[in-house]
Amino acid sequence: YREAEVLLGPGDTVLVFTHGVTEAIDSAAEEFGRQRLGDLFASRAPGSPEDAIARVFAAVGAFATGVEQFDDITCLALHCRGLGGSPVAVGLTPGS
């Protein structure tokens, strides 16, 4: 694992995910991949942690429709509200 330190500003969101997200497969056995995951947020940042996770689950679900997955698909989203704000952490798996 790589270690890094990042300074977050108000409105920034950090998405942590298991490899089951990027390794979800479609009917052609193609993986969802990091590129597709990044593309979800390239043009529009998530408005909330819930939005980030909902977008990931919707995209992976549409990509892998009808194909049984063999690993967990889990996300944790952290949203920075700025100094003095209440911390927000949302961790979900599909169906929870």
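Reading the values: rules and limits
- Throughout this document, residue positions are counted from 1 along each chain, in the order its sequence is written.
- In keeping with the model being predicted, local features are shown solely for residues with a pLDDT of at least 70 and side-chain atom pairs are shown and tallied solely at 80 or more, while totals for entire chains, interfaces and linings include all residues.
- In computing side-chain properties, one takes all heavy atoms of the structure into account and sets aside hydrogens as well as water.
- Grid points spaced at 1 Å over the protein atoms alone were grouped into cavities, where a 1.4 Å probe fits but cannot get out, and pockets, open sets with protein on both sides within 12 Å along at least five of seven lines, with lining residues defined by an atom within 4 Å of a point.
- Grid points are joined across faces, edges and corners, and a volume is the space filled by probe spheres set on the points.
- Runs of E in the DSSP output that reach at least two residues are strands. Runs of H or I that reach at least four are helices, and both are numbered from the N terminus.
- Charged means Asp, Glu, Lys or Arg here, nonpolar means Ala, Val, Leu, Ile, Met, Phe, Trp, Tyr, Cys or Pro, and polar covers whatever is left, Gly included.
- Only rings of Phe, Tyr and Trp enter the pairing, Trp through its six-membered ring, and a pair is recorded when the two centres are within 6.5 Å. The plane angle decides the type: under 30 degrees is stacked, over 60 is edge-to-face, the rest tilted.
- Relative accessibility decides the category of a residue: with a 1.4 Å probe and only protein chains considered, values under 20% of the type maximum give buried, values over 50% give exposed, and everything between is partly exposed.
- When a carboxyl oxygen of Asp or Glu is within 4 Å of a side-chain nitrogen of Lys or Arg, the pair counts as a salt bridge.
- Within this scheme the basic residues Lys and Arg register as positive and the acidic residues Asp and Glu register as negative, but His and the chain ends are omitted.
- Whether two residues are in contact is decided by their heavy atoms: any pair within 4.5 Å suffices.

(A) Inspection of the layout of surface pockets at higher detail. Of the pockets and cavities examined, the largest pocket occupies roughly 290 Å³. Around the largest pocket, the lining residues are Thr-13, Val-14, Leu-15, Val-16, Phe-17, Arg-34, Leu-37 and Gly-38. Among the elements that take part in the lining of the largest pocket, strand β1 (residues 13–17) stands out by supplying five residues, more than any other. Of the residues in the lining of the largest pocket, the class split is five nonpolar, two polar and one charged.

(B) Geometry of the packing of aromatic side chains. As enumerated under the stated definition, the model contains one aromatic pair in all. Residues Phe-32 and Phe-63 carry aromatic rings whose centres are separated by 5.4 Å and whose planes lie at 75 degrees to one another, so their mutual orientation is edge-to-face. One end of the pair, Phe-32, is in the loop between α1 (19–22) and α2 (33–42); the other, Phe-63, is in helix α3 (residues 49–63), and 31 residues separate them in sequence. Judged by its relative accessible area of 3%, Phe-32 is buried. Judged by relative accessible area, Phe-63 falls into the buried class, the value being 16%.

(C) Local environment of the pattern of salt bridges. In this structure the tally under the stated criterion is three salt bridges. In this structure, Asp-51 engages Arg-44 in a salt bridge whose closest nitrogen and oxygen atoms are separated by 3.9 Å. Arg-44 gets classed as partly exposed once you look at its relative accessible area, which sits at 48%. For Arg-55, the salt bridge goes to Asp-51, with nearest N and O atoms at 3.1 Å. Placement of both Arg-55 and Asp-51 in helix α3 is noted, with a separation of four residues, approximately one turn of the helix. A relative accessible area of 13% means that Arg-55 is categorised as buried. If you follow the salt bridges from partner to partner, you end up with Arg-44, Asp-51 and Arg-55 in one network.

(D) Inspection of the side chain of Asp-26 at higher detail. Checked against the element boundaries, Asp-26 lands in the loop between α1 and α2. Look at Asp-26: it is buried, it has no salt bridge, and the nearest opposite charge is Arg-36 at 5.6 Å. Not counting residues up to four positions away in its chain, the partners in contact with Asp-26 are Phe-63, Ala-64 and Val-67.

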